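Here is what each chain is made of, one letter per residue.
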Amino acid sequence: MTALPARGIPAEQVLAELGALRGHDLPTHGGRLFAYVYDAAVGGLDELAASAYALAAHVNGLDPTAFPSLLAMENDLVAAAAQVTSGLAGRVGEGAAGAVATAGPVGDGTSGVDPTAGVVGNVTSGGTESLLLAVKAARDAHPDLATPRLVVPASAHAAFAKAAQYLRVALDVVPIDPGTLLPDPAAMAAAITPDTVLVACSAPAYPYGVIDPVAEIAAVAADAGVRCHVDACFGGWLLPYLRRLGRPIPPFGFELPGVTSVSVDLHKYAYAPKGVSVLLHRDAALRRPQYFGFAGWPGYPMLNATVASTRSGGPVAGAWATLRHLGDDGYLRLAERTLSAVTGLAAAVSTVDGLRLLAEPQTSVVVFTCTDPDPYVLADQLAARGWHTQPQLPYPPLPASIHLSVTAAVADQVAQFGPALADAVAAARAAGPIQVPSELAAAVADLDPATLGPETMAGLAAAAGFGPDGLPESMAIVNTLLATLPPERRATLLVEFLSLLQTPPH
Ligand SMILES: Cc1ncc(COP(=O)(O)O)c(C=O)c1O
(Lines give C-alpha, C1' and ligand atoms only; values in the text may rest on other atoms or scores of the structure.)
Protein backbone atom coordinates (compact mmCIF):
# COMPACT_ATOMS: atom_id res chain seq x y z
CA MET A 1 0.00 0.00 0.00
CA THR A 2 1.47 3.34 -0.91
CA ALA A 3 2.00 5.72 1.98
CA LEU A 4 1.55 8.60 -0.46
CA PRO A 5 -1.57 8.18 -2.56
CA ALA A 6 -2.07 10.64 -5.40
CA ARG A 7 -5.21 11.90 -3.68
CA GLY A 8 -5.62 12.05 0.07
CA ILE A 9 -7.88 9.50 1.71
CA PRO A 10 -10.62 10.30 4.26
CA ALA A 11 -9.60 9.95 7.88
CA GLU A 12 -12.03 7.11 8.71
CA GLN A 13 -10.73 5.05 5.80
CA VAL A 14 -7.12 5.62 6.84
CA LEU A 15 -7.94 4.47 10.36
CA ALA A 16 -9.71 1.39 8.99
CA GLU A 17 -6.60 0.57 6.94
CA LEU A 18 -4.43 1.02 10.00
CA GLY A 19 -6.74 -1.23 11.98
CA ALA A 20 -6.47 -3.92 9.32
CA LEU A 21 -2.66 -3.69 9.40
CA ARG A 22 -2.67 -3.90 13.20
CA GLY A 23 -4.78 -7.03 12.93
CA HIS A 24 -1.66 -8.96 11.91
CA ASP A 25 0.22 -7.98 15.09
CA LEU A 26 0.54 -9.94 18.29
CA PRO A 27 -2.07 -8.85 20.86
CA THR A 28 -0.67 -6.00 22.98
CA HIS A 29 -3.44 -6.46 25.53
CA GLY A 30 -5.06 -9.45 27.16
CA GLY A 31 -2.16 -10.82 29.21
CA ARG A 32 -1.05 -13.59 26.85
CA LEU A 33 2.02 -11.94 25.31
CA PHE A 34 5.04 -12.38 27.58
CA ALA A 35 7.49 -10.00 25.89
CA TYR A 36 7.55 -6.60 24.18
CA VAL A 37 4.48 -5.20 25.90
CA TYR A 38 3.57 -4.17 29.43
CA ASP A 39 -0.14 -4.16 30.12
CA ALA A 40 -1.62 -2.79 33.32
CA ALA A 41 -5.16 -3.84 32.30
CA VAL A 42 -6.52 -0.76 34.02
CA GLY A 43 -9.71 0.54 32.41
CA GLY A 44 -9.34 3.99 30.85
CA LEU A 45 -5.56 4.13 31.19
CA ASP A 46 -4.88 3.74 27.48
CA GLU A 47 -7.37 6.45 26.63
CA LEU A 48 -5.86 8.83 29.17
CA ALA A 49 -2.31 8.19 27.95
CA ALA A 50 -3.40 8.62 24.32
CA SER A 51 -5.11 11.94 25.07
CA ALA A 52 -2.09 13.18 27.00
CA TYR A 53 0.20 12.02 24.20
CA ALA A 54 -1.90 13.83 21.60
CA LEU A 55 -1.86 17.06 23.65
CA ALA A 56 1.92 17.17 23.51
CA ALA A 57 2.72 15.26 20.29
CA HIS A 58 3.81 18.41 18.44
CA VAL A 59 5.67 19.96 21.34
CA ASN A 60 9.44 19.89 20.82
CA GLY A 61 11.80 18.95 23.61
CA LEU A 62 14.61 20.59 21.66
CA ASP A 63 14.15 23.84 23.55
CA PRO A 64 12.79 23.73 27.10
CA THR A 65 12.59 27.53 27.22
CA ALA A 66 10.07 27.44 24.38
CA PHE A 67 8.07 24.59 25.86
CA PRO A 68 8.34 24.79 29.66
CA SER A 69 5.50 22.27 30.02
CA LEU A 70 7.83 19.58 28.82
CA LEU A 71 10.64 20.69 31.11
CA ALA A 72 8.28 20.60 34.09
CA MET A 73 6.96 17.13 33.25
CA GLU A 74 10.47 15.80 32.61
CA ASN A 75 11.75 17.10 35.95
CA ASP A 76 8.71 15.59 37.69
CA LEU A 77 9.37 12.19 36.07
CA VAL A 78 13.04 12.33 37.03
CA ALA A 79 12.19 13.12 40.66
CA ALA A 80 9.66 10.28 40.78
CA ALA A 81 12.12 7.82 39.22
CA ALA A 82 14.76 8.76 41.79
CA GLN A 83 12.29 8.27 44.62
CA VAL A 84 10.99 4.94 43.37
CA THR A 85 14.36 3.37 42.53
CA SER A 86 15.86 4.44 45.83
CA GLY A 87 13.01 2.86 47.75
CA LEU A 88 11.43 6.11 48.87
CA ALA A 89 8.08 6.02 47.08
CA GLY A 90 5.19 5.59 49.44
CA ARG A 91 7.14 6.90 52.41
CA VAL A 92 6.14 10.49 51.84
CA GLY A 93 3.20 12.39 50.38
CA GLU A 94 3.07 14.06 46.96
CA GLY A 95 6.73 13.82 45.93
CA ALA A 96 7.90 15.70 49.01
CA ALA A 97 11.53 14.66 49.12
CA GLY A 98 12.07 17.10 51.96
CA ALA A 99 9.81 15.06 54.18
CA VAL A 100 12.06 12.02 53.95
CA ALA A 101 14.00 12.97 57.05
CA THR A 102 10.84 12.71 59.09
CA ALA A 103 9.95 9.38 57.49
CA GLY A 104 12.87 7.72 59.20
CA PRO A 105 15.67 5.57 57.86
CA VAL A 106 15.56 4.76 54.16
CA GLY A 107 16.84 2.09 51.83
CA ASP A 108 19.07 -0.33 53.68
CA GLY A 109 18.06 1.17 56.97
CA THR A 110 21.46 2.60 57.75
CA SER A 111 20.76 6.29 57.35
CA GLY A 112 18.03 8.86 57.55
CA VAL A 113 19.59 11.03 54.85
CA ASP A 114 17.76 11.40 51.56
CA PRO A 115 20.04 9.65 49.05
CA THR A 116 18.29 11.33 46.12
CA ALA A 117 19.03 14.87 47.31
CA GLY A 118 21.54 15.70 44.56
CA VAL A 119 20.18 13.36 41.91
CA VAL A 120 19.61 14.73 38.40
CA GLY A 121 18.44 13.00 35.25
CA ASN A 122 16.76 13.04 31.89
CA VAL A 123 13.97 11.37 30.04
CA THR A 124 15.26 9.32 27.11
CA SER A 125 13.51 7.40 24.37
CA GLY A 126 14.03 4.00 26.00
CA GLY A 127 16.31 1.71 27.92
CA THR A 128 18.83 1.42 25.14
CA GLU A 129 19.27 5.18 24.91
CA SER A 130 19.60 5.44 28.69
CA LEU A 131 22.39 2.87 28.64
CA LEU A 132 24.08 4.49 25.63
CA LEU A 133 24.12 7.79 27.49
CA ALA A 134 25.39 6.26 30.73
CA VAL A 135 28.28 4.75 28.79
CA LYS A 136 28.88 8.01 26.88
CA ALA A 137 28.97 10.04 30.10
CA ALA A 138 31.46 7.59 31.63
CA ARG A 139 33.61 7.52 28.50
CA ASP A 140 33.67 11.28 28.01
CA ALA A 141 34.63 11.81 31.64
CA HIS A 142 37.96 10.22 30.59
CA PRO A 143 39.19 11.93 27.42
CA ASP A 144 42.68 10.86 28.52
CA LEU A 145 42.05 7.15 27.79
CA ALA A 146 42.80 5.80 24.29
CA THR A 147 40.75 2.62 24.86
CA PRO A 148 38.09 3.15 27.51
CA ARG A 149 36.61 -0.10 28.83
CA LEU A 150 33.22 -1.21 30.19
CA VAL A 151 32.77 -4.18 32.56
CA VAL A 152 29.41 -6.02 32.49
CA PRO A 153 28.09 -9.42 33.59
CA ALA A 154 27.19 -11.81 30.75
CA SER A 155 23.50 -11.35 31.63
CA ALA A 156 23.66 -7.57 31.08
CA HIS A 157 21.33 -6.33 28.37
CA ALA A 158 22.56 -6.38 24.77
CA ALA A 159 22.20 -2.60 24.74
CA PHE A 160 25.54 -2.41 26.56
CA ALA A 161 27.17 -4.23 23.63
CA LYS A 162 25.46 -1.76 21.33
CA ALA A 163 26.77 1.17 23.37
CA ALA A 164 30.26 -0.32 23.33
CA GLN A 165 30.09 -0.73 19.56
CA TYR A 166 28.60 2.70 18.84
CA LEU A 167 30.95 4.51 21.21
CA ARG A 168 34.08 2.43 20.55
CA VAL A 169 34.41 1.34 24.14
CA ALA A 170 35.94 -2.10 24.79
CA LEU A 171 33.50 -4.52 26.42
CA ASP A 172 34.73 -6.86 29.18
CA VAL A 173 32.13 -9.55 29.85
CA VAL A 174 32.23 -11.37 33.20
CA PRO A 175 30.61 -14.84 33.16
CA ILE A 176 27.62 -15.58 35.36
CA ASP A 177 27.32 -18.65 37.56
CA PRO A 178 25.14 -21.20 35.72
CA GLY A 179 23.49 -22.14 39.01
CA THR A 180 22.72 -18.76 40.58
CA LEU A 181 22.72 -16.94 37.21
CA LEU A 182 24.65 -14.13 38.97
CA PRO A 183 28.09 -12.60 38.45
CA ASP A 184 30.68 -12.90 41.21
CA PRO A 185 31.59 -9.43 42.55
CA ALA A 186 35.21 -10.61 42.95
CA ALA A 187 35.30 -11.51 39.25
CA MET A 188 33.81 -8.11 38.41
CA ALA A 189 36.54 -6.50 40.54
CA ALA A 190 39.21 -8.56 38.79
CA ALA A 191 37.95 -7.39 35.39
CA ILE A 192 38.49 -3.71 36.28
CA THR A 193 41.64 -2.23 34.73
CA PRO A 194 43.08 1.30 34.79
CA ASP A 195 41.19 1.86 31.50
CA THR A 196 37.78 0.91 32.92
CA VAL A 197 35.39 3.87 32.84
CA LEU A 198 32.23 2.06 33.91
CA VAL A 199 31.11 -1.06 35.74
CA ALA A 200 27.48 -2.05 35.17
CA CYS A 201 25.03 -4.51 36.67
CA SER A 202 21.30 -5.14 36.51
CA ALA A 203 18.32 -5.00 38.83
CA PRO A 204 17.12 -7.34 37.53
CA ALA A 205 18.82 -8.76 34.43
CA TYR A 206 16.34 -9.39 31.64
CA PRO A 207 17.07 -13.01 30.62
CA TYR A 208 16.35 -14.57 34.02
CA GLY A 209 14.86 -11.76 36.11
CA VAL A 210 17.43 -12.14 38.88
CA ILE A 211 18.98 -9.18 40.69
CA ASP A 212 22.75 -8.86 40.52
CA PRO A 213 24.65 -8.31 43.79
CA VAL A 214 24.46 -4.57 43.27
CA ALA A 215 25.78 -3.44 46.67
CA GLU A 216 28.91 -5.59 46.32
CA ILE A 217 29.54 -4.64 42.70
CA ALA A 218 29.06 -0.93 43.44
CA ALA A 219 31.50 -1.28 46.33
CA VAL A 220 34.24 -2.83 44.18
CA ALA A 221 33.70 -0.14 41.54
CA ALA A 222 33.95 2.58 44.18
CA ASP A 223 37.12 1.01 45.58
CA ALA A 224 38.63 1.23 42.10
CA GLY A 225 37.39 4.81 41.64
CA VAL A 226 35.14 3.76 38.73
CA ARG A 227 31.53 4.74 38.00
CA CYS A 228 28.86 2.08 38.58
CA HIS A 229 25.65 2.03 36.53
CA VAL A 230 22.64 0.04 37.71
CA ASP A 231 20.47 -1.02 34.79
CA ALA A 232 17.05 -1.10 36.37
CA CYS A 233 15.39 -0.47 32.99
CA PHE A 234 13.35 -3.64 33.12
CA GLY A 235 12.21 -3.99 36.70
CA GLY A 236 13.36 -0.85 38.47
CA TRP A 237 9.83 0.51 38.76
CA LEU A 238 8.45 -2.77 40.07
CA LEU A 239 11.07 -4.00 42.54
CA PRO A 240 10.42 -1.46 45.32
CA TYR A 241 6.71 -2.33 45.22
CA LEU A 242 7.51 -6.05 45.43
CA ARG A 243 9.66 -5.20 48.47
CA ARG A 244 6.72 -3.41 50.07
CA LEU A 245 4.67 -6.56 49.47
CA GLY A 246 7.18 -8.50 51.55
CA ARG A 247 9.43 -9.92 48.85
CA PRO A 248 13.15 -10.01 49.74
CA ILE A 249 14.29 -7.33 47.31
CA PRO A 250 17.67 -5.81 48.20
CA PRO A 251 18.35 -2.09 47.66
CA PHE A 252 19.72 -1.21 44.22
CA GLY A 253 19.52 2.58 43.95
CA PHE A 254 21.31 5.64 45.29
CA GLU A 255 20.94 4.48 48.88
CA LEU A 256 23.91 2.25 48.02
CA PRO A 257 27.26 4.01 48.14
CA GLY A 258 29.12 3.53 44.87
CA VAL A 259 26.06 3.60 42.61
CA THR A 260 26.66 6.58 40.32
CA SER A 261 23.83 6.19 37.81
CA VAL A 262 20.56 4.28 37.50
CA SER A 263 18.25 3.76 34.53
CA VAL A 264 14.58 2.84 34.74
CA ASP A 265 12.12 2.51 31.87
CA LEU A 266 8.70 4.05 32.30
CA HIS A 267 7.43 2.20 29.23
CA LYS A 268 7.91 -1.08 31.08
CA TYR A 269 6.59 -1.50 34.64
CA ALA A 270 5.41 2.12 34.94
CA TYR A 271 3.00 1.11 32.14
CA ALA A 272 3.53 4.29 30.08
CA PRO A 273 3.20 4.21 26.28
CA LYS A 274 6.41 3.36 24.43
CA GLY A 275 9.25 5.84 24.21
CA VAL A 276 10.14 6.77 27.79
CA SER A 277 13.00 5.82 30.07
CA VAL A 278 14.81 7.84 32.74
CA LEU A 279 18.56 8.03 33.21
CA LEU A 280 19.56 9.26 36.67
CA HIS A 281 22.97 10.43 37.90
CA ARG A 282 23.91 10.81 41.54
CA ASP A 283 24.91 14.43 40.92
CA ALA A 284 25.15 17.05 38.20
CA ALA A 285 28.93 16.71 37.85
CA LEU A 286 28.56 13.05 36.90
CA ARG A 287 25.96 13.99 34.27
CA ARG A 288 27.99 16.81 32.69
CA PRO A 289 29.78 14.66 30.04
CA GLN A 290 26.41 13.30 28.90
CA TYR A 291 25.57 16.68 27.32
CA PHE A 292 26.25 17.82 23.81
CA GLY A 293 26.54 21.55 23.34
CA PHE A 294 27.51 23.36 20.16
CA ALA A 295 27.15 27.00 19.23
CA GLY A 296 29.86 27.13 16.55
CA TRP A 297 27.63 27.48 13.52
CA PRO A 298 25.38 30.23 12.19
CA GLY A 299 22.16 28.56 13.38
CA TYR A 300 20.72 28.12 16.87
CA PRO A 301 22.95 26.80 19.65
CA MET A 302 22.25 23.08 19.88
CA LEU A 303 22.12 21.81 23.45
CA ASN A 304 21.10 18.21 24.04
CA ALA A 305 21.08 15.82 26.96
CA THR A 306 19.93 12.96 24.76
CA VAL A 307 20.76 11.43 21.37
CA ALA A 308 17.82 12.98 19.52
CA SER A 309 17.55 16.76 19.23
CA THR A 310 13.95 17.26 18.21
CA ARG A 311 11.94 15.16 20.63
CA SER A 312 8.18 14.81 20.68
CA GLY A 313 6.51 15.76 23.93
CA GLY A 314 4.05 12.90 23.40
CA PRO A 315 5.85 10.14 25.29
CA VAL A 316 6.74 12.48 28.18
CA ALA A 317 3.15 13.67 28.56
CA GLY A 318 1.84 10.10 28.19
CA ALA A 319 4.12 8.90 30.97
CA TRP A 320 3.40 11.87 33.22
CA ALA A 321 -0.34 11.32 32.89
CA THR A 322 0.07 7.58 33.50
CA LEU A 323 2.03 8.12 36.72
CA ARG A 324 -0.35 10.79 38.01
CA HIS A 325 -3.36 8.62 37.30
CA LEU A 326 -2.07 5.36 38.72
CA GLY A 327 -0.29 6.89 41.70
CA ASP A 328 1.79 5.08 44.27
CA ASP A 329 -1.21 3.11 45.51
CA GLY A 330 -2.03 2.04 41.96
CA TYR A 331 1.48 0.74 41.36
CA LEU A 332 1.34 -1.20 44.62
CA ARG A 333 -1.90 -2.88 43.49
CA LEU A 334 -0.42 -3.65 40.06
CA ALA A 335 2.66 -5.17 41.68
CA GLU A 336 0.41 -7.38 43.79
CA ARG A 337 -1.36 -8.62 40.65
CA THR A 338 1.97 -9.19 38.91
CA LEU A 339 3.28 -11.14 41.87
CA SER A 340 0.21 -13.36 41.99
CA ALA A 341 0.54 -14.00 38.23
CA VAL A 342 4.22 -14.92 38.61
CA THR A 343 3.41 -17.33 41.42
CA GLY A 344 0.63 -18.94 39.39
CA LEU A 345 2.71 -19.31 36.23
CA ALA A 346 5.69 -20.76 38.10
CA ALA A 347 3.41 -23.27 39.82
CA ALA A 348 1.94 -24.26 36.45
CA VAL A 349 5.43 -24.80 34.99
CA SER A 350 6.60 -26.79 38.03
CA THR A 351 3.79 -29.29 37.74
CA VAL A 352 4.68 -30.32 34.17
CA ASP A 353 7.04 -33.24 33.88
CA GLY A 354 10.16 -32.36 31.90
CA LEU A 355 10.02 -28.59 32.45
CA ARG A 356 12.51 -27.05 34.89
CA LEU A 357 12.46 -23.51 36.24
CA LEU A 358 15.93 -22.06 35.63
CA ALA A 359 15.52 -19.92 38.73
CA GLU A 360 12.90 -19.51 41.42
CA PRO A 361 11.21 -16.31 40.23
CA GLN A 362 12.72 -13.42 42.17
CA THR A 363 10.94 -10.64 40.30
CA SER A 364 8.58 -10.64 37.31
CA VAL A 365 10.24 -13.23 35.07
CA VAL A 366 9.34 -16.89 34.86
CA VAL A 367 12.00 -18.76 32.89
CA PHE A 368 12.21 -22.47 32.30
CA THR A 369 14.16 -24.97 30.28
CA CYS A 370 13.45 -28.39 28.77
CA THR A 371 14.92 -30.83 26.30
CA ASP A 372 11.89 -33.10 25.90
CA PRO A 373 9.72 -31.43 24.67
CA ASP A 374 11.94 -29.41 22.40
CA PRO A 375 11.70 -25.84 23.76
CA TYR A 376 11.33 -24.16 20.36
CA VAL A 377 8.57 -26.53 19.30
CA LEU A 378 6.88 -25.95 22.64
CA ALA A 379 7.01 -22.18 22.12
CA ASP A 380 5.35 -22.61 18.72
CA GLN A 381 2.69 -24.88 20.20
CA LEU A 382 1.97 -22.31 22.92
CA ALA A 383 1.76 -19.60 20.26
CA ALA A 384 -0.70 -21.71 18.28
CA ARG A 385 -2.85 -21.70 21.43
CA GLY A 386 -2.58 -17.91 21.79
CA TRP A 387 0.21 -17.78 24.38
CA HIS A 388 3.25 -15.89 23.10
CA THR A 389 6.42 -16.65 25.03
CA GLN A 390 9.99 -15.69 24.22
CA PRO A 391 12.45 -18.50 23.42
CA GLN A 392 16.03 -17.74 24.49
CA LEU A 393 18.84 -19.46 22.59
CA PRO A 394 21.50 -21.46 24.41
CA TYR A 395 24.44 -19.43 25.69
CA PRO A 396 26.86 -22.15 26.82
CA PRO A 397 26.91 -23.39 29.50
CA LEU A 398 23.40 -21.95 29.86
CA PRO A 399 20.71 -23.97 28.10
CA ALA A 400 17.98 -22.79 25.75
CA SER A 401 15.07 -21.47 27.75
CA ILE A 402 11.61 -20.00 27.51
CA HIS A 403 11.20 -16.54 28.99
CA LEU A 404 7.98 -15.01 30.29
CA SER A 405 7.96 -11.34 31.28
CA VAL A 406 4.92 -11.10 33.49
CA THR A 407 2.76 -7.99 33.84
CA ALA A 408 -0.34 -7.18 35.82
CA ALA A 409 -2.67 -8.12 32.96
CA VAL A 410 -1.53 -11.75 33.21
CA ALA A 411 -3.25 -12.15 36.60
CA ASP A 412 -6.64 -12.63 34.92
CA GLN A 413 -5.25 -15.28 32.56
CA VAL A 414 -3.22 -17.47 34.88
CA ALA A 415 -5.90 -20.06 35.50
CA GLN A 416 -6.02 -20.84 31.78
CA PHE A 417 -2.25 -21.08 31.37
CA GLY A 418 -1.72 -24.42 33.12
CA PRO A 419 -4.11 -26.43 30.91
CA ALA A 420 -2.78 -24.70 27.76
CA LEU A 421 0.79 -25.50 28.80
CA ALA A 422 0.01 -29.16 29.45
CA ASP A 423 -1.72 -29.39 26.09
CA ALA A 424 1.13 -27.65 24.27
CA VAL A 425 3.72 -29.90 25.93
CA ALA A 426 1.84 -33.01 24.83
CA ALA A 427 1.59 -31.69 21.26
CA ALA A 428 5.28 -30.68 21.19
CA ARG A 429 6.30 -34.14 22.45
CA ALA A 430 4.16 -35.77 19.81
CA ALA A 431 5.67 -33.57 17.10
CA GLY A 432 9.26 -34.07 18.27
CA PRO A 433 12.16 -31.71 17.60
CA ILE A 434 12.43 -29.90 14.28
CA GLN A 435 14.30 -31.84 11.64
CA VAL A 436 16.25 -29.24 9.70
CA PRO A 437 16.80 -30.26 6.05
CA SER A 438 20.47 -31.26 5.83
CA GLU A 439 21.21 -28.91 2.89
CA LEU A 440 19.80 -26.00 4.87
CA ALA A 441 21.81 -26.92 7.96
CA ALA A 442 24.97 -27.21 5.84
CA ALA A 443 24.30 -23.90 4.09
CA VAL A 444 23.91 -22.12 7.43
CA ALA A 445 26.97 -23.80 8.94
CA ASP A 446 29.10 -22.77 5.95
CA LEU A 447 27.85 -19.19 5.76
CA ASP A 448 30.54 -16.71 4.89
CA PRO A 449 29.67 -13.28 6.31
CA ALA A 450 31.69 -11.71 3.50
CA THR A 451 29.43 -13.10 0.79
CA LEU A 452 26.13 -13.29 2.63
CA GLY A 453 23.87 -10.99 0.64
CA PRO A 454 20.15 -10.57 -0.07
CA GLU A 455 20.06 -13.40 -2.65
CA THR A 456 21.67 -15.96 -0.34
CA MET A 457 19.41 -14.83 2.49
CA ALA A 458 16.28 -15.04 0.33
CA GLY A 459 17.30 -18.58 -0.65
CA LEU A 460 17.79 -19.60 2.98
CA ALA A 461 14.46 -18.06 3.96
CA ALA A 462 12.65 -19.96 1.21
CA ALA A 463 14.36 -23.21 2.23
CA ALA A 464 13.29 -22.61 5.84
CA GLY A 465 9.67 -22.23 4.69
CA PHE A 466 9.19 -18.49 5.15
CA GLY A 467 5.88 -17.16 3.86
CA PRO A 468 5.37 -14.82 0.91
CA ASP A 469 5.36 -11.84 3.32
CA GLY A 470 8.97 -12.71 4.18
CA LEU A 471 8.08 -13.80 7.70
CA PRO A 472 8.72 -17.28 9.10
CA GLU A 473 5.71 -19.53 9.47
CA SER A 474 7.42 -21.55 12.19
CA MET A 475 9.82 -19.91 14.59
CA ALA A 476 10.99 -23.33 15.77
CA ILE A 477 12.98 -23.97 12.60
CA VAL A 478 14.57 -20.52 12.84
CA ASN A 479 15.53 -21.00 16.48
CA THR A 480 16.77 -24.55 15.87
CA LEU A 481 19.01 -23.28 13.07
CA LEU A 482 20.30 -20.33 15.06
CA ALA A 483 21.05 -22.58 18.02
CA THR A 484 23.42 -24.59 15.84
CA LEU A 485 25.60 -21.51 15.42
CA PRO A 486 27.89 -20.18 18.15
CA PRO A 487 26.37 -17.05 19.77
CA GLU A 488 28.84 -14.68 18.10
CA ARG A 489 27.83 -15.86 14.59
CA ARG A 490 24.06 -15.68 15.01
CA ALA A 491 23.72 -11.94 14.50
CA THR A 492 25.25 -11.99 11.02
CA LEU A 493 22.40 -14.10 9.76
CA LEU A 494 19.76 -12.15 11.66
CA VAL A 495 20.99 -8.78 10.43
CA GLU A 496 20.85 -9.97 6.83
CA PHE A 497 17.34 -11.25 7.43
CA LEU A 498 16.27 -7.90 8.87
CA SER A 499 17.82 -6.08 5.96
CA LEU A 500 15.79 -8.24 3.60
CA LEU A 501 12.59 -7.52 5.52
CA GLN A 502 13.34 -3.83 5.58
CA THR A 503 13.30 -3.48 1.83
CA PRO A 504 10.60 -1.11 0.61
CA PRO A 505 8.26 -2.00 -2.24
CA HIS A 506 9.64 -0.66 -5.54
C1 LIG B 1 17.48 -4.77 31.68
C2 LIG B 1 17.17 -4.05 30.40
N3 LIG B 1 17.95 -3.03 30.01
C4 LIG B 1 17.73 -2.36 28.87
C5 LIG B 1 16.70 -2.71 28.03
C6 LIG B 1 16.51 -1.99 26.72
O7 LIG B 1 15.30 -1.28 26.74
P8 LIG B 1 14.62 -0.72 25.41
O9 LIG B 1 14.10 -1.89 24.65
O10 LIG B 1 13.57 0.17 25.96
O11 LIG B 1 15.64 0.03 24.63
C12 LIG B 1 15.86 -3.77 28.40
C13 LIG B 1 14.76 -4.21 27.52
O14 LIG B 1 14.12 -5.21 27.73
C15 LIG B 1 16.11 -4.46 29.61
O16 LIG B 1 15.35 -5.51 29.98
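Rules used throughout
Residues numbered from 1 in each chain as written. Predicted model: local features only at pLDDT ≥ 70, side-chain atom pairs only at ≥ 80, totals over all residues. Heavy atoms only, no water. UniProt positions renumbered as here; feature names shortened; annotations may be inferred. Helix = DSSP H or I, 4+ residues; strand = E, 2+ residues; numbered from the N terminus. Contact = heavy atoms within 4.5 Å. Near = heavy atom within 4 Å. Polar contact = N/O pair within 3.5 Å; in protein donor to acceptor, adjacent residues only side chain to side chain. Pairing = 2+ DSSP bridges. Axes fitted to C-alpha atoms, helices over the stretch in contact; angles between N-to-C directions.

Trainee: How do you make sense of the UniProt feature "modified residue: N6-(pyridoxal phosphate)lysine" (unreviewed entry) in the protein chain when you look at a structure like this?
Mentor: The positions that UniProt labels "modified residue: N6-(pyridoxal phosphate)lysine" (unreviewed entry) are, in the present scheme, Lys268. Mapped onto the secondary structure, Lys268 falls in the loop between β6 (261-265) and β7 (277-281). Not counting chain neighbours up to four residues away, the residues in contact with Lys268 comprise Tyr38, Cys233 and Phe234.

Trainee: Even after reading the chapter, I still don't get the site of the ligand, so can you show me in this structure?
Mentor: Surrounding the ligand, one finds Gly126, Gly127, Thr128, Leu131, His157, Tyr206, Asp231, Cys233, Phe234, Asp265, His267 and Lys268. Contact distances for the ligand include 2.9 Å between an oxygen atom and a backbone N or O atom of Gly127. Interatomic distance of 2.9 Å between a side-chain N/O atom of His267 and an oxygen atom of the ligand. Sort the elements by how many residues they give to the shell around the ligand and helix α4 (residues 127-140) lands first, with 3 residues.

Trainee: When you look at the sheet that holds β7 in this model, what are you seeing that I'm missing?
Mentor: Hydrogen bonds between backbone atoms are what pair the strands of a sheet, whose relative direction is either parallel or antiparallel. Ordered in space as β1-β7-β6-β5-β4-β2-β3, the 7 strands form an open sheet in which the pairing is mixed. Bordering the open sheet on either side are β1 (120-124) and β3 (170-174), each of which pairs with just one other strand. On average, each strand axis in the sheet is inclined to that of its neighbour by 20°, with strand direction left out of account. Alignment of β1 against β7, held across 5 bridges, turns out to be antiparallel. Looking across to β7, one finds that Val123 is bridged to Val278. Docked against the sheet, helix α3 (residues 68-85) engages β1, β6 and β7, running at close to 70° with respect to β7. α4 rests against β1, β2 (149-153), β4 (196-202), β5 (227-231), β6 and β7 of the sheet, and its axis sits at about 25° to β7.

Trainee: Help me out: how do you make sense of the side chain of Thr124 in this one?
Mentor: Structurally, Thr124 is set in strand β1. Separated by 3.0 Å, the side chain of Thr124 and the backbone oxygen of Gly126 make a polar contact. Side-chain polar atoms of Thr124 contact the side chain of Ser130, separated by 2.8 Å. Every residue in contact with Thr124, bar those within four places of it in the chain, is listed here: Glu129, Ser130, Leu133, Gly275, Val276, Ser277, Leu279 and Thr306.

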